[in-house]
Structures are given as structure tokens and as C-alpha cells.
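Coordinates in review
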Amino acid sequence: LERQSYEDSLTGLFNRNKFNREMRDSAYVDAPRLGVAYFDINGLKETNDSLGHRAGDELICRSAEHIRKFFDGKAIEFVIIDTESSREAFMSNVEKAHQAMEDDGISISAGASYRNTACNIEAQFEEADRRMYRAKGEHYRGKGDARHRR
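Residues numbered from 1 in each chain as written. Predicted model: local features only at pLDDT ≥ 70, side-chain atom pairs only at ≥ 80, totals over all residues. Heavy atoms only, no water.

1. Here we look at the confidence of the model for the chain
On average, the chain scores 89 in pLDDT, and the residues at 70 or more come to 95%. Element-level pLDDT for the chain is lowest in helix H1 (residues 2–6), with a mean of 78, against a maximum mean of 97 in helix H5 (residues 87–103). pLDDT under 50 marks residues 146–150. Its contacts with residues more than four places away, or in other chains, come to seven contacts. (pLDDT = per-residue confidence, 0-100. Helix = DSSP H or I, 4+ residues; strand = E, 2+ residues; numbered from the N terminus. Contact = heavy atoms within 4.5 Å.)

2. Quick word on the pattern of salt bridges
Tallying each qualifying case throughout the model produces 10 salt bridges. Between Arg16 and Glu77 there is a salt bridge; the shortest N-O distance is 3.6 Å. One end of the pair, Arg16, is in helix H2 (residues 16–24); the other, Glu77, is in the loop between strand S2 (75–76) and strand S3 (79–82), and 61 residues separate them in sequence. The class for Glu77 is partly exposed, based on a relative accessible area of 29%. For Lys136, the salt bridge goes to Asp40, with nearest N and O atoms at 2.9 Å. Of the two residues, Lys136 is situated in helix H6 (residues 121–142) and Asp40 in strand S1 (residues 34–41); the sequence distance between them amounts to 96 residues. Taking the relative accessible area as the measure of exposure, Lys136 reaches 4% and is therefore buried. Residue Asp40 is classed as partly exposed on the basis of its relative accessible area, which comes to 22%. (Salt bridge = Lys/Arg side-chain N within 4 Å of Asp/Glu carboxyl O. Buried < 20%, exposed > 50% of the residue type's maximum accessible area, 1.4 Å probe, protein only.)

3. What to know about the packing of aromatic side chains
For the coordinates displayed, the defined rule picks out four aromatic pairs. Three or more aromatic residues link up through ring pairs in this structure, and these residues are Phe19, Tyr38 and Phe125. If you follow Lys18 out to its NZ or CZ, it ends over the ring of Tyr6, 5.7 Å from the centre. (Phe/Tyr/Trp six-rings, centres within 6.5 Å; stacked < 30°, edge-to-face > 60°. Lys NZ or Arg CZ within 6 Å of the ring centre and 35° of its normal.)

4. So, the side chain of Asn42
One can find Asn42 in the loop between S1 and helix H3 (44–51). In this view, Asn42 contacts Ser107, Ile108, Ser109, Lys136, His139 and Tyr140; residues no more than four positions away in its chain are not counted.

See the structure below:
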């Protein structure tokens, strides 16, 4: 029951309940290092609207598989929380996951934040989120679409 309360039934990744719990966890205050990344699928709404929710779900599942490949056990929905990897390993895995999705035909925007000291998970999540939205804005500006700018 506990696993079910923290696991997304579609993707098998941890869910929003786990995310909310992790954001309140004081263990990250004393973490010697912390990497946070945020992935977001570009065009998911359009996929759902034009091809149906089944196609959107398949896109989400394919994306989750790529994330799991590089961040197994560290992914909460499409957010990564990593207290184990070095900066180089973490950023490399963010890039590898991003590239694997792009190679699979999945348009993805990603943002990441990493600290070696004075970790603040909320501030790092916000930083990763801003960077992801900046990447998303650049993606849509390149396509001439202003709907997704923040």
C-alpha cells in the first residue's frame, strides 16, 4: 500500500505524493551535495488533442523509461532528486537522458541545478524549473509559437 501511494501507476515513477514528502524532508538541508533536474515534454497537450490521450500516455511512458535508465529510483514524476552523484555525473546523466529522448523522437525541455554545499531543495527545484521553462521558451521561439513562454 505504501508503494502504491508513492508510485504513479502509468509510468512506475514516484508520484506527486512522494514529491510533496521529499520537498518537506529536512534531510536535504544537511546533504553534502544535491542535484535537481526537471524534464517536461514539449507538445504533450497537442499530442493529446490531436492524437488522443492514449498517444499522450505512450509518450509519457517512453519518456519515463529514458529517465529511469539514467536516474533509477531518483525520479519523482519528471523531477530528479539526486544526493549521490557528483556534479559531473549528474549533469552528464541529465544530458544523456535528454539526448536519449530526442533520439527517440521526443521533444523535451530540461533544467537542472546542482550544489555541493548549503543545499536547499526548494530553491534548487525553483532554479531547475526556471531553467526548464527557459529551454521550453527557446524551443517554442524557434518554432514561432509564443503560447508556452513563461
